[in-house]
Amino acid sequence: MSTMGIQKMTSKEVTKMILNNEELVILDVRNEADFNDWKIEGNNVESINIPYFDLLDDISPALDKIPDGKNVLVVCAKEGSSIFVAEQIAEAGRSNISYLEGGMKSWSEYLEPVKVSDLSGGGELYQFVRIGKGCLSYIVLSNGEAAIIDTSRMIEQYEQFMQEKGVKLIHAIDTHLHADHISGGRAVAQKYGAAYHLPPKDATEVTFEYEKLEEGNDIYVGNETIKVKPIYTPGHTIGSTSFMIDNKYLLTGDILFIDSVGRPDLAGLAEDWVGDLRDTLYSRYKELSEELVVLPAHFGKVTELGVGGLVAGRLGTLYNENPGLNIHDEREFRKTVTENLPPQPNSYQEIRQTNMGKMNPSEHEQREMEIGPNRCAVHDK
Amino acid sequence: MNSDKMLDAKGLACPLPVVRTKKSIDELKSGQVLEVHATDKGAKNDLSAWATRTGHELLNTAEENGVYKFWIKKA
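Values in this document were obtained by computation on a predicted structure and should not be read as measured data.

(A) View of the pattern of salt bridges. Following the criterion strictly, the structure yields 29 salt bridges over all chains and no others. D57 of chain A is the partner of K22 of chain B in a salt bridge, and the nearest nitrogen-oxygen pair spans 2.9 Å. One end of the pair, K22 of chain B, is in helix α1 (residues 16-26); the other, D57 of chain A, is in the loop between β4 (45-49) and α3 (60-65), on a second chain. Classification of K22 of chain B by relative accessible area gives buried; the value is 16%. A relative accessible area of 62% places D57 of chain A in the exposed class.

(B) Highlighting the interface of chain B and chain A. Taken together, the contact between chain B and chain A spans twelve residues of the former and 14 residues of the latter. Buried area between chain B and chain A, summed over both chains or domains, comes out near 1,100 Å², and the portion from carbon and sulfur atoms is 55%. Linking chain B with chain A are five salt bridges. D54 of chain A serves as the salt-bridge partner of R53 of chain B, at 2.4 Å between the closest nitrogen and oxygen. Here chain B is connected to chain A by five residue pairs in polar contact (both at pLDDT 80 or more). Counting residues per element, the side of chain B that touches chain A draws most heavily on helix α2 (residues 41-54) of chain B, which supplies six residues. When its residues are assigned to classes, the side of chain B that touches chain A shows six nonpolar, one polar and five charged.

(C) Just the packing of α1 of chain B against α2 of chain B, in detail. All names here are of chain B. With their axes 10 Å apart at the nearest point, α1 and α2 run at an angle of 35 degrees to one another. By crossing handedness, the relation of α1 to α2 is classed as right-handed. Packed against α1, whose contacting residues are P17, V18, T21, K22 and I25, the element α2 presents A43, D46, L47 and W50 at the interface. Split into classes, the residues belonging to the contact of α1 with α2 amount to six nonpolar, one polar and two charged.

Cut-offs and rules
- Residues numbered from 1 in each chain as written.
- Chains lettered and ligands numbered in written order.
- Predicted model: local features only at pLDDT ≥ 70, side-chain atom pairs only at ≥ 80, totals over all residues.
- Heavy atoms only, no water.
- Salt bridge = Lys/Arg side-chain N within 4 Å of Asp/Glu carboxyl O.
- Helix = DSSP H or I, 4+ residues; strand = E, 2+ residues; numbered from the N terminus.
- Buried < 20%, exposed > 50% of the residue type's maximum accessible area, 1.4 Å probe, protein only.
- Contact = heavy atoms within 4.5 Å.
- Buried area = accessible area lost by both parts, 1.4 Å probe.
- Polar contact = N/O pair within 3.5 Å; in protein donor to acceptor, adjacent residues only side chain to side chain.
- Nonpolar A, V, L, I, M, F, W, Y, C, P; charged D, E, K, R; others polar.
- Axes fitted to C-alpha atoms, helices over the stretch in contact; angles between N-to-C directions.
- Left-handed = near helix turned anticlockwise from the far one by under 90°.

Put into structure tokens, the structure is as follows:
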């Protein structure tokens, strides 16, 4: 579609450009506070912030700042203001001007499926990269069956994927009770008659039935071809559980990321759980094979995105390079993970209540609650 | 709170609430107060940022049943 010489760009197209390291100039016309809180990032993305209300009478401040001849994407919260500004830039004679369809709302919701690997017995493992928010979820496929781990709220994107793959959902699993995003696990499980699994220690207040995740109770996908093995690894929450998939991949949830470690304060008990977090990171994971490939539930920076957008790291390499795994003094570790933490995610208390089934916000309210970065790691500044 | 003029921007999406507010303020005299009602959540931060930027004084804000109300005194 072209409105007055401007192009519409979708979140999927912007994601492709970022993953291909293409050059893009973004003119973000939201107010300064929203821009500083959260924006589109990429290795070759240059961001300029001029609020649309500074451009109501005169577009020239924008013309002065955006380089001529480059692809320019105008971005706002929803899209109205970006169209308004993009049209004026185009009218001033500039070309290659686009606006982001659906604005930052749609950016926050887009999931890019990235294949991690084939699994034994014909299975496949995919990582769904929620690039706008830094959340990662996973689908295990095998013999016509599927399991989703850490499902995001936008379940239709997984549904479409499963339909294309011709698989049926049998398990929806959450590594922990999330505080930064609303889980789609319960909704998608209900819709397909699948089991919804949660760690019982995180689920003491939930208002619904669920399957208990416990060590020893392995979960199978595809007539037992793929084993999803739960490992109790508390610290981010008291119930946090990791999964070993096909004896090769370690899904660490919000406990261990590629460049950081989980924060213990979002469920309100940082002081109590810091010992658990240390034990998980410095003992429990240490007993596992260094060759395991760590697949976390979040990334903090676009630099963590690897080939095709995949966020992954060898456990042994993380023990050498991740700053959160290299704090040898216990007191210093305690300080790092409990003091000077980044701000808590937007609406994190309400999000937890929603994930427990105690609150039932409308879809519109759920979207608003999730706006902004995830900030689940101690190093997310 | 008293106002000299009232702008109903309910149901309008960005950028219109700010565009209309600016137009209404332009029609007022210095010191007069404009009351704005809007339903777009984005208008909340944008109107106060715009007022700060332009030197108008945001006297008060309120929220009632999903309607955001603003009282802005023209500089």
